[in-house]
Amino acid sequence: YDNGSRVPFLLRWDARVRPGRTYGHLTANIDLAPTLLDVAGVPVPPRMRMDGISLRPVIEGSTAPVRDHLLLEIGHARAIKTETRKYI
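Participant: I'd like to hear about the side chain of Thr 35, residue by residue, with values.
Facilitator: Residue placement: Thr 35 occurs in helix 1 (residues 32-40). Those residues in contact with Thr 35 that sit more than four places away from it in its chain are Ile 53, Ser 54, Leu 55, Arg 56 and Ile 59.

Participant: Go over the pattern of salt bridges, please, and point to the residues and values.
Facilitator: Tallied over the full model, the rule gives six salt bridges. As a salt-bridge pair, Glu 60 and Arg 56 come within 2.9 Å of each other at their nearest N and O atoms. What makes Glu 60 partly exposed here is its relative accessible area of 45%. Assessed through its relative accessible area of 25%, Arg 56 is described here as partly exposed. Arg 78 serves as the salt-bridge partner of Glu 73, at 3.6 Å between the closest nitrogen and oxygen. Among the residues examined, Glu 73 registers a relative accessible area of 55% and is labelled exposed. Overall, the relative accessible area of 59% leaves Arg 78 in the exposed class. Members of the salt-bridge network, linked through shared partners, are Asp 38, Arg 56 and Glu 60.

Participant: Any details on the layout of surface pockets? Residues and values, ideally.
Facilitator: If you add up the space inside the largest pocket, you get close to 1400 Å³. If you go around the largest pocket, you meet 44 residues; those closest to its centre are Val 7, Phe 9, His 25, Thr 27 and Ala 28. Every element with two or more residues in the lining of the largest pocket is listed here: helix 1, helix 2 (56-59) and strand 1 (70-74). A per-element tally of the lining of the largest pocket places strand 1 first, with five residues. Of the residues belonging to the lining of the largest pocket, the class tally is 23 nonpolar, eleven polar and ten charged.

Participant: So, the pairing of strand 2 (residues 77-81): which residues are in play, and what are the values?
Facilitator: Side-chain alternation along strand 2 places Ala 77, Ala 79 and Lys 81 on a buried face and Arg 78 and Ile 80 on a face that remains uncovered. Bridge analysis of strand 1 against strand 2 gives five bridges, and the strand direction is antiparallel. Across the sheet, the residue bridging to Glu 73 is Arg 78, located in strand 2. Once strand 1 ends, the chain turns through two residues before running back antiparallel as strand 2, passing Gly 75 with a positive phi of about 65°. Two strands pair when backbone bridges link them, and strand 2 and strand 3 (residues 86-87) are joined in this way by two bridges, in the antiparallel orientation. For Lys 81, the partnering residue across the bridge sits in strand 3 and is Lys 86.

What counts and how
- All chains use their own residue numbering, which begins from 1 and follows the written sequence.
- Confidence filtering applies because this is a predicted model: local features only for residues at pLDDT of at least 70, side-chain atom pairs given and counted only at 80 or more, and all residues used for totals across whole chains, interfaces and linings.
- Hydrogens and waters are ignored; side-chain quantities use all the structure's heavy atoms.
- Runs of H or I in DSSP of at least four residues are treated as helices and runs of E of at least two as strands, each being numbered from the N terminus.
- Contacts are residue-level and defined by heavy atoms, with any inter-residue pair within 4.5 Å sufficient.
- Salt bridge, as applied in this entry: a Lys or Arg side-chain nitrogen positioned within 4 Å of an Asp or Glu carboxyl oxygen.
- Each residue gets one of three labels from its accessible area relative to the maximum for its type: buried under 20%, exposed over 50%, partly exposed in between, using a 1.4 Å probe on protein chains only.
- A cavity here means a set of 1 Å grid points, computed over protein atoms only, where a 1.4 Å probe fits but cannot escape. A pocket is an open set with protein on both sides within 12 Å along at least 5 of 7 lines, and lining residues have an atom within 4 Å of a point.
- Grid points are joined across faces, edges and corners, and a volume is the space filled by probe spheres set on the points.
- Residue type decides the class: Asp, Glu, Lys and Arg count as charged, Ala, Val, Leu, Ile, Met, Phe, Trp, Tyr, Cys and Pro as nonpolar, and the leftover types, Gly among them, as polar.
- Being paired, for any two strands, means DSSP has found at least two bridges between them.

Okay, structure coming up:
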């Protein structure tokens, strides 16, 4: 089941991201829009609901986890995944 949930994400931003740095904690594609808005300095419009979390602290060098779990739907399976456990 991890094949659908373990997808690499690459980022290049010379002024902010140190080359070769990795971040091994949980993130999700729903984090991209809040991250891009945060980095651009644009607030989330009040009428929009965003469930993602900005990854700006990660981009700026934090190694702390930004989330403690993920809810996944892979094929016909649903799962809750933490850093150490997975319930399918």
